[in-house]
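Commentary on secondary and tertiary structure
Here is what each chain is made of, one letter per residue.
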Number of protein chains: 4
Amino acid sequence: MNPVCLVIGAGAGIGGTVGARFAREGYHACLCRRSDEEGLNRLVEGIRSDGGSATGFLLNAVEPGAIEERVAAVEADIGPIEVAIYNLGAQIGDRALQDTSLKAFETGWRLGTFGLFRLASVLFPLMVERGKGTLLVTSSTAAMRGNGGQHSHAAAMGGRRMLCQSLNAEFASKGIHVVHIVIDGAVDAPDTLGKMLGAEKFQQLRETRGNEHDGLMLPAQIAETYVHLARQHRSTWTHEIDLRAFSDRPWWNH
Amino acid sequence: MNPVCLVIGAGAGIGGTVGARFAREGYHACLCRRSDEEGLNRLVEGIRSDGGSATGFLLNAVEPGAIEERVAAVEADIGPIEVAIYNLGAQIGDRALQDTSLKAFETGWRLGTFGLFRLASVLFPLMVERGKGTLLVTSSTAAMRGNGGQHSHAAAMGGRRMLCQSLNAEFASKGIHVVHIVIDGAVDAPDTLGKMLGAEKFQQLRETRGNEHDGLMLPAQIAETYVHLARQHRSTWTHEIDLRAFSDRPWWNH
Amino acid sequence: MNPVCLVIGAGAGIGGTVGARFAREGYHACLCRRSDEEGLNRLVEGIRSDGGSATGFLLNAVEPGAIEERVAAVEADIGPIEVAIYNLGAQIGDRALQDTSLKAFETGWRLGTFGLFRLASVLFPLMVERGKGTLLVTSSTAAMRGNGGQHSHAAAMGGRRMLCQSLNAEFASKGIHVVHIVIDGAVDAPDTLGKMLGAEKFQQLRETRGNEHDGLMLPAQIAETYVHLARQHRSTWTHEIDLRAFSDRPWWNH
Amino acid sequence: MNPVCLVIGAGAGIGGTVGARFAREGYHACLCRRSDEEGLNRLVEGIRSDGGSATGFLLNAVEPGAIEERVAAVEADIGPIEVAIYNLGAQIGDRALQDTSLKAFETGWRLGTFGLFRLASVLFPLMVERGKGTLLVTSSTAAMRGNGGQHSHAAAMGGRRMLCQSLNAEFASKGIHVVHIVIDGAVDAPDTLGKMLGAEKFQQLRETRGNEHDGLMLPAQIAETYVHLARQHRSTWTHEIDLRAFSDRPWWNH
């Protein structure tokens, strides 16, 4: 039986690509996303046609009980989750304070912070029993510093980062590896950046940001680092790492 | 008419003491706390008998609309809020992940992050019109790093810190001074630390932590720094400052 | 006898202004600077004509023994140093790596890091005996993050910041208050910024950066915060604080 | 011709092990260390008997010109340096301020900060011409926070970190990958930790810190992460990463 890699937030960018990469490592990839069943099926089919093993699930992470039930069902029906990827974003684009509704702010928190807490709450007791497990948390610039228009996003991601540190403090010595991965740049992801910018601007960005599109962060390359982190020996664990394109400036320089 | 200083979270520790200190500066102190009407009245009476001006309000900050209505009523009935102190804590003591309920985690966020967002959302448009205003945010060690048992608290405070930075990014140039004040140590506060420890342990701590109790942070001394921050000229604003007792180690050393 | 406030790096900007401000608090200001005896005398005369007490010294801080001898002589001839201000900058303007000589890099360290170590090495044993003392260290954006062209400056200031934390770790509990003050913006200082920009550009900057020149940080206002920090009660000490003009963005936003 | 991996500071711990690991990747490892020619030869022999390619050099990094000449000679005689590892430590154990001589402080800087600057000054122009290159900088807890007894070490490492950020700001877009690697724990290294503790205590530590000695960081495992970093695609570069054993607490929690 393959070990399971659970991806919460498996779009066509980081989530789906990382899931496929873990499938190539021999994991059964459980891909969860809120909508676009067709896109989800394409991801699963892609993995299978590469000889990998995967299942897709539609999952509305803000719905009470949804994450909890998905974890329980995967553990019961497919197998023990060895690696979990929490990849839900909460970026809603730059919005002035006045344009940030209470509801938008709360949704940011539900996706950005609370969902991660709920995942850890159900998954970590199982991992503790097994004496091991890995939780890779995709995070962002906004976890490191607030900025104009980022009220909802930065608050959610700042909470995410401090939660990762708290989880690490309690669970590292029990064999659970928690990593806070700071994606500090634009990702070549049609489902998120592409939709935010619109097709035309996104294509333009792809063409102008360096040779071979590599001014944008390539999900397939990001996935290499995720796999490396999951493979780290427990004598040598990373808790925080940043990633950005060579042509970009890090958050502390812009 | 006196300028108004609004304190959200005015217990017998930092909040009430800071409010009284601003009253001595000539502000009308509007003190808000969730419960203990008697204690609230004592604070108001104390200010008045010192020749200051103050009003007390019971306020349940997690209740929808409560902060918003309080701000509107104070502006209408008492006067423009020049200084606001957001002093609600969200510390619930060290709790393992398994002992941290979804509800506790959510309440931490409602007090720690969301209430501050709600306050800014209603107050900042008024301050922008007036071209000035000050928001002093009491924060804590948990805003800087997560730790064992701090899942709820650290997530709430990490969100608070990033929100303060986002508010500053949008509003500093409009004349609104936002300060994130890291209270990095135990405060000599009977209403919070005292209740958490119990009367006996609290007294013992007071006696053992240095001469004149000054191993604990004295609220009256903290208030001096709050007043200084509110007085800073706009050519020279502080956004982040830490405070701790001389006999304590800073968060990065323990 | 007045307590002594020793300023290392007393030009017409922060250093001299802070010295004069402490003289108004009743300190005897000992102002040290490398050159411009005339400017130094003007500062001392200014303090005296305000009714304060001051002495000026020419001091080449990179010269072996110079800081050490100055401290010894002031303690012997004038009185115990209660407050020391380390205000030597090491900014040499933006220089590409190729244009940064070994000598420039070393001088940056001698001014930025080593001089502070030397000052603490001779002064702190005296302060420990007296059970109290304050060291206010002017620092800069470059202590928080490196940047293009800042090889020498950032290395020197990064060392300065870590040294301040190490000094605090050993000496806070012995009554010595060390503060790392992050001056995160351009200061209205003719001797440093003025010389770097040239008279014309400096005047232009003064005129365009906001009403009353307050887009630039005003040394007189900075001095208010220095005095506040020196006055903090030992139950409530600040170790790190940032300062910038309201119209500027903090380092983490640009 | 093999690409060259130059290691400055190639003892039996991280440096030598990382060098050997890069040799297994097909690099010619140039191992430099100050003393112990026998130990150096053992490392080189070990690499060769594994089928790798390596040369050893004795190098006193604080000697003027030594790093510069070594780089020039390697480039001339062996080949272009694609990966450089700066692995010189500056830890001298905990020393109170009074026990930290001017000379010790200066040596800390020469090893910790200045040597890295000198290496980059001669190597980066060559890498810029080639449009690529990697500099992996071993760093430590002391780069992130000062601590008692760490005056020399923390100042040196704080300078190192800010220098890495400055180098990155100028050179990332030119294809040079600079990584600041925070080794945040005790390494299973007989040449450094072993000597500092003495043979007996070191053995005791090895036996008590977890099963398979993995409470100590294993150099062979650290080397895996170094290789991963050097392999990262330029669309997805890490600038800062931390590493510690699962059983250890990160620096922000102790």
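Keep in mind that what you see is a predicted model, and the values were worked out from it rather than measured.

**Notes on the overall build of chain A**
When its secondary structure is counted, chain A shows eight helices and seven strands. For 254 residues, the compact-globule estimate of 2.2 N^0.38 gives 18 Å, and the C-alpha radius of gyration of chain A, at 17 Å, lies within 12% of that figure. Along the first, second and third principal axes, the C-alpha set of chain A runs to 45 × 40 × 35 Å. Evaluated residue by residue, chain A yields a buried proportion of 61% over its 254 residues. Partitioning the intrachain contacts of chain A with sequence separation of at least 6 by distance along the chain shows that 73% fall at a separation of at least 24. Carbon and sulfur atoms make up 48% of the accessible area of chain A, which totals about 9,200 Å². For chain A, the centre of its 25 positive side-chain charges and the centre of its 28 negative side-chain charges are spaced 3 Å apart.

**With respect to the interface of chain C and chain A**
Across the contact, seven residues belong to chain C and seven residues belong to chain A. In total, chain C and chain A occlude about 530 Å² of area from one another, counting both sides; carbon and sulfur atoms represent 46% of this. Where chain C touches chain A, the interface holds zero salt bridges. The interface formed by chain C and chain A includes six residue pairs in polar contact (both at pLDDT 80 or more). When its residues are assigned to classes, the side of chain C that touches chain A shows two nonpolar, four polar and one charged.

**Description of the packing of helix 8 (residues 219–231) of chain A against helix 8 (residues 219–231) of chain D**
One way to put it is that helix 8 of chain A packs onto helix 8 of chain D with a least axis distance of 11 Å and a crossing angle of 180°. In terms of orientation, helix 8 of chain A and helix 8 of chain D fall into the roughly antiparallel class. Where helix 8 of chain A abuts helix 8 of chain D, its residues A:Glu224, A:Thr225 and A:His228 lie against D:Glu224, D:Thr225 and D:His228. Within the contact of helix 8 of chain A with helix 8 of chain D, the residues separate by chemical class into no nonpolar, four polar and two charged.

**Here we look at the interface of chain C and chain D**
Counting residues at the interface gives 41 residues for chain C, matched by 41 residues for chain D. Interface area for chain C against chain D, summed over the two sides, is near 2,900 Å², with a carbon-plus-sulfur share of 71%. Taken together, the connections running from chain C to chain D amount to two salt bridges. Counting every contact that joins chain C to chain D gives 10 residue pairs in polar contact (both at pLDDT 80 or more).

**Some points on the packing of aromatic side chains**
Centre distance and the angle of the planes are the two values used to describe a pair of aromatic rings. By the definition in use, this model includes 40 aromatic pairs over all chains. Their ring planes at 75° and their centres at 5.3 Å tell us that A:Phe22 and A:Tyr27 sit as a pair that is edge-to-face. Taking relative accessible area as the criterion, A:Tyr27 reaches 15% and is therefore assigned buried. One aromatic cluster is present, built from ring pairs that chain together A:Phe105, A:Trp109, A:Phe114, A:Phe117, B:Phe105, B:Trp109, B:Phe114 and B:Phe117.

**Quick notes on the relation of the copies chain C and chain A**
Relating one copy of the chain to the other takes a rotation about an axis and a shift parallel to that axis. Superposing chain C onto chain A requires a rotation of 180° together with a translation of 0.0 Å along the rotation axis, leaving an RMSD of 0.0 Å. Taken together, the rotation and translation describe the operation of a two-fold axis. In terms of C-alpha distance to the rotation axis, chain C has C:His254 as its closest residue, with the C-alpha 1.9 Å off the axis. Here 100% of the interface residues in chain C have copies in chain A that are interface residues too; the copies meet face to matching face.

**Looking at the side chain of B:Arg160**
Residues and elements named next belong to chain B. Looking at where Arg160 falls in the secondary structure, it is placed in helix 5 (residues 151–171). Glu240 provides the closest opposite charge to the buried, salt-bridge-free Arg160, at an N-O distance of 11 Å. One polar contact links the side chain of Arg160 to the main-chain carbonyl oxygen of Leu111, over a distance of 3.4 Å. Ignoring anything within four residues of it in the chain, the contact list for Arg160 reads Tyr86, Leu88, Leu111, Gly112, Thr113, Leu116, Val137, Thr138 and Ser139.

**With respect to the pattern of salt bridges**
Any two side chains of opposite charge can pair if their charged atoms end up close together. One pass over the full model with this rule turns up 56 salt bridges over all chains. Salt-bridge contacts for B:Asp184 lead to B:Arg244; the nearest nitrogen and oxygen are separated by 2.7 Å. Of this pair, B:Asp184 sits in the loop between strand 6 (176–183) and helix 6 (190–197) while B:Arg244 sits in the segment after strand 7 (240–243), placing them 60 residues apart in sequence. By the burial criterion, B:Asp184 is buried, and B:Arg244 matches it. The residue C:Arg130 makes a salt bridge to C:Glu75 at a minimum N-O spacing of 2.7 Å. Residue C:Arg130 is located in helix 4 (residues 102–130), and its partner C:Glu75 is located in helix 3 (residues 66–77); the two are separated by 55 residues in the primary sequence. We classify C:Arg130 as partly exposed; its relative accessible area is 32%. Assessed through its relative accessible area of 18%, C:Glu75 is described here as buried. Here the residues in one salt-bridge network are A:Arg21, A:Glu25, A:Glu224 and A:Arg231, joined through shared partners.

**Observations concerning the pairing of strand 1 (residues 4–8) of chain A**
Residue and element names in this part refer to chain A. Counting buried residues along strand 1, five of its five residues qualify, which places the element largely inside the surrounding structure. Relative to strand 4 (residues 81–86), strand 1 runs parallel, the two being bridged by five bridges. For Cys5, the partnering residue across the bridge sits in strand 4 and is Val83. Two strands pair when backbone bridges link them, and strand 1 and strand 2 (residues 28–33) are joined in this way by five bridges, in the parallel orientation. Its bridge partner lying in strand 2, Val4 is registered against His28. Handedness of the crossover joining strand 1 and strand 2 through helix 1 (residues 14–24) is recorded here as right-handed.

**Focus on the relation of the copies chain C and chain D**
Rotating chain C by 180° about the axis while translating it 0.0 Å along that axis superimposes it on chain D, leaving an RMSD of 0.0 Å. Both copies share a contact surface, since 100% of the interface residues of chain C are interface residues in chain D too.

**Describing the pairing of strand 2 (residues 28–33) of chain B**
Residues and elements named next belong to chain B. For strand 2, a buried count of six out of six residues is recorded, marking the element as mostly surrounded by other parts of the structure. With six bridges connecting them, strand 2 and strand 3 (residues 53–58) associate as parallel partners. Along strand 3, the bridge assignment pairs His28 with Ser53. Traced from strand 2 through helix 2 (residues 37–49) to strand 3, the parallel crossover comes out right-handed.

**Observations concerning unusual backbone geometry**
Within the chain, C:Asp36 stands out as a residue other than glycine whose phi angle is a positive 65°. For C:Asp36, the location among the structural elements is in the loop between strand 2 (28–33) and helix 2 (37–49).

**Thoughts on helix 3 (residues 66–77) of chain B**
Over its 12 residues, helix 3 of chain B runs 16 Å from end to end, which matches the ideal 16 Å to within 8%, given 1.5 Å per residue. Packing partners of the buried residues in helix 3 of chain B comprise helix 4 (102–130) of chain A together with strand 1 (4–8), strand 2, strand 3, strand 4 (81–86) and helix 4 (102–130) of chain B.

**What about the confidence of the model for chain A?**
Taken over all residues, the pLDDT of chain A has a mean of 94, while the share at 70 or more is 97%. Two summary scores accompany this predicted model of the complex, namely pTM at 0.96 and ipTM at 0.95.

**Regarding the packing of helix 1 of chain A against helix 8 of chain A**
Residues and elements named next belong to chain A. In contact at an axis separation of 9 Å, helix 1 and helix 8 are set at 55° when each is read in the N-to-C sense. By the angle between their directions, the pair helix 1 and helix 8 is classed as oblique. Regarding helix 1 and helix 8, the two cross each other, and that crossing is right-handed. Contacts between helix 1 and helix 8 involve Ile14, Thr17, Val18, Arg21, Phe22 and Arg24 from the first element and Pro219, Ala220, Ile222, Ala223, Glu224, Tyr226, Val227 and Ala230 from the second. A breakdown of the residues in the contact of helix 1 with helix 8 according to their chemical character gives 10 nonpolar, one polar and three charged.

Calculation criteria
Residues numbered from 1 in each chain as written. Chains lettered and ligands numbered in written order. Predicted model: local features only at pLDDT ≥ 70, side-chain atom pairs only at ≥ 80, totals over all residues. Heavy atoms only, no water. Helix = DSSP H or I, 4+ residues; strand = E, 2+ residues; numbered from the N terminus. Rg over C-alpha atoms; globule rule 2.2 N^0.38 Å. Buried < 20%, exposed > 50% of the residue type's maximum accessible area, 1.4 Å probe, protein only. Contact = heavy atoms within 4.5 Å. Areas by Shrake-Rupley, 256 points an atom, 1.4 Å probe, with all protein chains shown as cover. Lys, Arg positive; Asp, Glu negative; His and termini not counted. Charge placed at Lys NZ, Arg CZ, Asp CG, Glu CD. Buried area = accessible area lost by both parts, 1.4 Å probe. Salt bridge = Lys/Arg side-chain N within 4 Å of Asp/Glu carboxyl O. Polar contact = N/O pair within 3.5 Å; in protein donor to acceptor, adjacent residues only side chain to side chain. Nonpolar A, V, L, I, M, F, W, Y, C, P; charged D, E, K, R; others polar. Axes fitted to C-alpha atoms, helices over the stretch in contact; angles between N-to-C directions. Parallel < 35°, antiparallel > 145°, perpendicular 65-115°, else oblique. Phe/Tyr/Trp six-rings, centres within 6.5 Å; stacked < 30°, edge-to-face > 60°. Least-squares fit on C-alpha atoms with pLDDT ≥ 70 in both. Pairing = 2+ DSSP bridges. Right-handed = clockwise from strand over helix to strand, strands pointing away. Expected span 1.5 Å × (residues − 1). pLDDT = per-residue confidence, 0-100. Left-handed = near helix turned anticlockwise from the far one by under 90°.

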